[in-house]
Amino acid sequence: MKEKQKKEAAAAKEGVKKQSAGELRVQKDIGELNLASTTSIAFPKGPDHLLDFEVTIKPNEGYYRGGTFLFSFSVAPTYPHEAPKVKCLTQCYHPNIDLEGNVCLNILREDWKPVLSINTLIYGLQHLFIDPNHEDPLNQDAAKVLREDPRQFASNVRRAMQGGYVGGTHFARHM
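Keep in mind that this is a model prediction, so the values were computed, not measured.

Caption draft 1: Region of interest: the sheet that holds strand β3 (residues 69-74). Spatially, 4 strands are ordered β1-β2-β3-β4 in an open sheet, and the strand pairing comes out antiparallel. Sheet topology places β1 (39-42) and β4 (85-88) at the edges, where each strand pairs with a single neighbour. The sheet shows a mean angle of 20° between the axes of neighbouring strands, taken without regard to direction. By the bridge criterion, 4 bridges tie β3 to β4 in an arrangement that is antiparallel. The residue of β4 that forms the bridge with S74 is K85.

Caption draft 2: Structural view of helix α5 (residues 150-161). The terminal C-alpha atoms of α5 lie 16 Å apart, and with 12 residues this matches the ideal 16 Å at 1.5 Å per residue to within 8%. When α5 is considered as a whole, its buried residues turn out to be F153, N156, V157, A160 and M161. The arc that holds every buried residue of α5, seen down its axis, measures 125°, which confines them to one face. Buried residues in α5 make contact with β3, α4 (140-148) and β5 (165-166). Where α5 ends, the next residue or the one after it, G163, has phi of about 90°, a positive value.

Caption draft 3: The arrangement of the pattern of salt bridges in detail. One pass over the structure, following the stated rule, counts 7 salt bridges. Between D29 and R25 there is a salt bridge, and its shortest N-O distance comes to 2.9 Å. Of this pair, D29 and R25 both sit in helix α2 (residues 21-31), 4 residues apart, which is roughly one turn of that helix. For D29, a relative accessible area of 4% translates into the label buried. Linking D136 and R109 is a salt bridge whose minimum nitrogen-to-oxygen distance equals 3.2 Å. Within this pair, whereas D136 is found in the loop between α3 (118-130) and α4, its partner R109 is found in the loop between β4 and α3, the two being separated by 27 residues in sequence.

Procedures and definitions
Residues numbered from 1 in each chain as written. Predicted model: local features only at pLDDT ≥ 70, side-chain atom pairs only at ≥ 80, totals over all residues. Heavy atoms only, no water. Pairing = 2+ DSSP bridges. Helix = DSSP H or I, 4+ residues; strand = E, 2+ residues; numbered from the N terminus. Axes fitted to C-alpha atoms, helices over the stretch in contact; angles between N-to-C directions. Expected span 1.5 Å × (residues − 1). Buried < 20%, exposed > 50% of the residue type's maximum accessible area, 1.4 Å probe, protein only. Arc of directions from axis to C-beta. Contact = heavy atoms within 4.5 Å. Salt bridge = Lys/Arg side-chain N within 4 Å of Asp/Glu carboxyl O.

Honestly, it's all geometry; don't read function into it.
This is how it looks when you write it as structure tokens:
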């Protein structure tokens, strides 16, 4: 144990940064990404900050077709034993995303397992836009409208994406 600590201290003195297990795993996950043409990834803090990145999803089908949705990912050094923190930076009218950007996706919570990857999470987010889930909502009002009147829900989604008001909330244009 002491030998390991000495090596780490020596590496720190030489300016060599030791990567955490989370950084190594994220590096592997990023290298294996298989993004759809409607999805992109960016590292706004630069390529040395792999644990903080953004994913843009532009659905080409479903209620949210034509929209642009930006998500921030914050990955803990303990990844993959802990799920990344994901926030939707684009305010949207969605049953599984609240107005503060919190995302309700089972694999971000109770169903997270270390065998899952960044790719799996991105597919999960894409699926939320293709098939929103009114049975496990964060936005109760949107879920109720989707469940009871899908045509009205579609109209509300369009209005929100075009920069209008839905239920007293103004949404910025993101089409």
